[in-house]
Amino acid sequence: MNYLLTGAAGFIGSHLAVNLLKDGNRVFAIDNFCDFYSLDKKRKNIEIIGKSSGRDDLFRLYEGDIRDSSFLKKTLGDILKTQVKSEDLTVIHIAAMPGVRPSLENPALYVDVNINGTLNMLEICREFGLKRFLFASSSSVYGNNKKAPFSEDDPAENPISVYAATKKAGELMCHTYSNLYDISVICLRYFTVYGARQRPDLAIYRFTDLLSKGRPITVFGDGSSRRDYTYIDDIIDGTRKAVVRLENDRPAFEIYNLGESRTVELSYLIKLIEKELGKKANMVRKPGQPGDMAITYADISRAKEVLGYNPKTDIEDGIKLFVRWYKESETS
Ligand SMILES: NC(=O)c1ccc[n+]([C@@H]2O[C@H](COP(=O)([O-])OP(=O)(O)OC[C@H]3O[C@@H](n4cnc5c(N)ncnc54)[C@H](O)[C@@H]3O)[C@@H](O)[C@H]2O)c1
């Protein structure tokens, strides 16, 4: 099969690219290498993808911005003229400006990339007749809902950060295009993803990095906030299963939660990292941050039933694997 994958140089996108290539699929990747975090890490991710397939003809990177519709048209023109037919190309739209707190500092950028960029990707589908679209959404759309675990039918109209609002807007845009132009769409609401090559701004990476260097860690709130942490291999497995559903069943528009369906206190997470590193954290407490949710917790019964999603890595094993990767990557 053939995939147009945006955000391939990032954390989740690079894992997905490696996984697709391993099965002999062809991946046309788009990324603009934005400077949200180290470009070295993103270039390294692309190197890892390039080496993973063992065949030069299966992976092609188009460096450019999803906000630039003429770049997108040129890229699609090139792919469809020379390499594949539109009916054989599935779009996996992973690229975004991620992160809750930074979205409050630069809301216009988040709106531009996450809403206008997503609109451009859907417009490309309309214009070039692409009929399958997967969108990386987020647990953040549930806002401060009181009912937990969160199910896909729960209200998601009350986002509490700019980032969350852009993800919800992306879902709405997906629904509209699905309805207007017969594009089959699946939105995946990812719950805090971690593992090798994780984004360095995320808590698990930050805490591991600071603790291992003997530096203090800043903890926002009293440590009682809870997250459903999802190991990267489970996210990739769920995403691949959603892609299979798009290809085999052509649903009109569907939403699935992808999490571990277990919610863990921040203070417990820190204990796990301390245990793996054999170090005690020196914690600097700060008040909870605006935009941060009190809890995330995925009801995954729909993904289990329809997609056959079955996450396997609990947080205890996942942190072991993460810390092992962190130590190796620091010495390589
Ligand atoms: N990591 C998580 O815990 C998590 C949770 C929920 C949802 N998500 C969503 O999953 C997706 C991937 O997240 P990630 O953690 O891998 O982030 P990431 O920052 O590692 O990857 C995003 C990639 O998109 C690229 N990108 C950003 N703006 C672009 C633009 N204008 N044009 C082209 N490319 C652009 C970046 O350069 C980067 O390589 C995002 O849509 C994010 O919102 C992630």
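Residues numbered from 1 in each chain as written. Predicted model: local features only at pLDDT ≥ 70, side-chain atom pairs only at ≥ 80, totals over all residues. Heavy atoms only, no water.

Student: What's the story with the site of the ligand in this structure? I'm lost.
Tutor: Not every one of the 30 residues close to the ligand is listed here, only the nearest: Asp 31, Tyr 37, Ile 94, Tyr 163 and Val 193. Tyr 37 has a polar side-chain atom sitting 2.6 Å from an oxygen atom of the ligand. One nitrogen or oxygen atom from the side chain of Lys 42 is found 2.9 Å from an oxygen atom belonging to the ligand. Taking 820 Å² as the accessible area of the ligand by itself, protein coverage stands at 98%. (Near = heavy atom within 4 Å. Polar contact = N/O pair within 3.5 Å; in protein donor to acceptor, adjacent residues only side chain to side chain. Areas by Shrake-Rupley, 256 points an atom, 1.4 Å probe, with all protein chains shown as cover.)

Student: Even after reading the chapter, I still don't get the layout of surface pockets, so can you show me in this structure?
Tutor: Where empty space is left in the structure can be found by rolling a water-sized probe over the atoms. In this structure, the second largest pocket occupies an estimated 320 Å³ of space. Forming the walls of the second largest pocket are 14 residues, and the residues nearest its centre are Lys 41, Lys 44, Arg 197, Trp 325 and Ser 329. Listing elements by their share of the lining of the second largest pocket, those giving two or more residues are helix 2 (39–53) and helix 11 (315–331). The element best represented in the lining of the second largest pocket is helix 2, accounting for 5 residues. Residues that form the lining of the second largest pocket fall into these classes: 5 nonpolar, 4 polar and 5 charged. (1 Å grid on protein atoms, 1.4 Å probe; cavity = no way out; pocket = protein on both sides within 12 Å on 5 of 7 lines; lining within 4 Å. Points joined across faces, edges and corners; volume = space filled by probe spheres on them. Helix = DSSP H or I, 4+ residues; strand = E, 2+ residues; numbered from the N terminus. Nonpolar A, V, L, I, M, F, W, Y, C, P; charged D, E, K, R; others polar.)

Student: What am I meant to see in the pairing of strand 1 (residues 2–6) here?
Tutor: Look at any regular strand and the pattern is simple: side chains alternate between the two faces of the sheet. Judged by how many residues are buried, strand 1 sits mostly within the fold: 5 of 5 residues are covered. On strand 1, burial covers both faces: Asn 2, Leu 4 and Thr 6 on one face and Tyr 3 and Leu 5 on the other are all buried. Pairing of strand 1 with strand 2 (residues 26–31) involves 5 bridges; the strand directions are parallel. The residue of strand 2 that forms the bridge with Asn 2 is Arg 26. (Buried < 20%, exposed > 50% of the residue type's maximum accessible area, 1.4 Å probe, protein only. Pairing = 2+ DSSP bridges.)

Student: Whenever I open this one, the pattern of salt bridges confuses me. Can you help?
Tutor: Oppositely charged side chains can form a pair if their charged atoms are brought close together. Inspection of every chain in the model, using the stated rule, returns 24 salt bridges. In this structure, Lys 147 engages Asp 154 in a salt bridge whose closest nitrogen and oxygen atoms are separated by 2.7 Å. Residue class for Asp 154 comes out buried when judged on its relative accessible area of 13%. In this structure, Arg 250 engages Asp 182 in a salt bridge whose closest nitrogen and oxygen atoms are separated by 3.7 Å. In this pair, Arg 250 is assigned in the loop between helix 8 (232–249) and strand 11 (253–258) and Asp 182 in the loop between helix 6 (162–181) and strand 6 (184–190), connecting sequence segments 68 residues apart. Here the salt bridges do not stand alone but share partners, grouping Lys 22, Asp 23 and Arg 240 into one network. (Salt bridge = Lys/Arg side-chain N within 4 Å of Asp/Glu carboxyl O.)

Student: Honestly, unusual backbone geometry in this entry has me stumped. Any pointers?
Tutor: Leaving glycine out, the prevailing phi sign among residues is negative, and the prevailing peptide bond configuration is trans. In the segment running from Ala 148 into Pro 149, the intervening peptide bond is cis, with an omega of 0°. Looking at the secondary structure, you find Pro 149 in the loop between strand 5 (132–138) and helix 6. At Arg 197, a position not held by glycine, the phi torsion is positive, near 70°. When you line up the elements, Arg 197 lands in the loop between strand 7 (193–194) and helix 7 (203–212). In this structure, Arg 250 is a non-glycine residue whose phi angle is positive, near 45°.

Student: How should I be thinking about the sheet that holds strand 1 in this particular structure?
Tutor: Pairing between the strands of a sheet is mediated by backbone hydrogen bonds and can be parallel or antiparallel. If you trace the 7 strands from one edge of the open sheet to the other, you get 3-2-1-4-5-6-11, paired in parallel fashion. The sheet terminates laterally at strand 3 (59–63) and strand 11, the two strands that pair on one side only. Each neighbouring strand pair of the sheet contributes to a mean axis angle of 20°, computed without reference to strand direction. For strand 6 and strand 11, the ladder comprises 6 bridges, and the chain directions are parallel. Paired with Arg 189 across the strands is Asn 257, a residue of strand 11. The strands touched by helix 1 (residues 11–22) are strand 1, strand 2, strand 3, strand 4 (89–93) and strand 6; relative to strand 1, the strand with the most contacts, the crossing angle is about 170°. Against the sheet, helix 8 contacts strand 1, strand 4, strand 5, strand 6 and strand 11, and its axis sits at roughly 165° relative to strand 6. (Axes fitted to C-alpha atoms, helices over the stretch in contact; angles between N-to-C directions. Contact = heavy atoms within 4.5 Å.)

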